[in-house]
Amino acid sequence: MEYIYIIYNETYKILLLLIPILVSVALIVWFDRRVWGFVQRRRGPNVVGPSGLFQTVADALKYIFK
């Protein structure tokens, strides 16, 4: 029973660190694309999904399959 508690506790710690990092990276990429879209006077990533949230997923898939 103690092993289950240890595994749960460690998984909780990992997720507590990993999820905010992943969310913040996605938001930074989204904000960066919005700013450069405005600077270059072109449409930003807001054409891919709601408010451009799927653009990060599309970029990740592109880099994985390259």
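No experiment lies behind these values; they were computed from the predicted model shown.

**Here's the deal with the pattern of salt bridges**
And step 1. Counting across every chain of the model gives two salt bridges.
And step 2. The partner of K13 in a salt bridge is E10, and the shortest N-O contact between them spans 3.7 Å. Highlighted residues: K13 and E10, both in helix α1 (residues 2-39), separated by three residues, approximately one helical turn.
And step 3. For R33, the salt bridge goes to D59, with nearest N and O atoms at 2.6 Å. One end of the pair, R33, is in helix α1; the other, D59, is in helix α2 (residues 55-65), and 26 residues separate them in sequence.
And step 4. By relative accessible area, which is 28% here, R33 ends up partly exposed.
And step 5. Residue class for D59 comes out buried when judged on its relative accessible area of 10%.

What counts and how
- All residue numbers refer to positions counted from 1 along the written sequence of the respective chain.
- With the structure being a predicted model, the display of local features is reserved for residues of pLDDT at least 70 and the display and counting of side-chain atom pairs for 80 or more, all residues being used for whole-chain, interface and lining totals.
- The side-chain quantities take in all heavy atoms of the structure and omit both hydrogens and water.
- Whenever Lys or Arg places a side-chain nitrogen within 4 Å of a carboxyl oxygen from Asp or Glu, that contact is recorded as a salt bridge.
- We count a stretch as a helix when DSSP gives it H or I for four or more residues in a row; a strand needs E for two or more, and each element gets its number in order from the N terminus.
- Only protein chains enter the accessibility calculation, which uses a 1.4 Å probe; a residue whose area is less than 20% of its type maximum is buried, one above 50% is exposed, and one in between is partly exposed.

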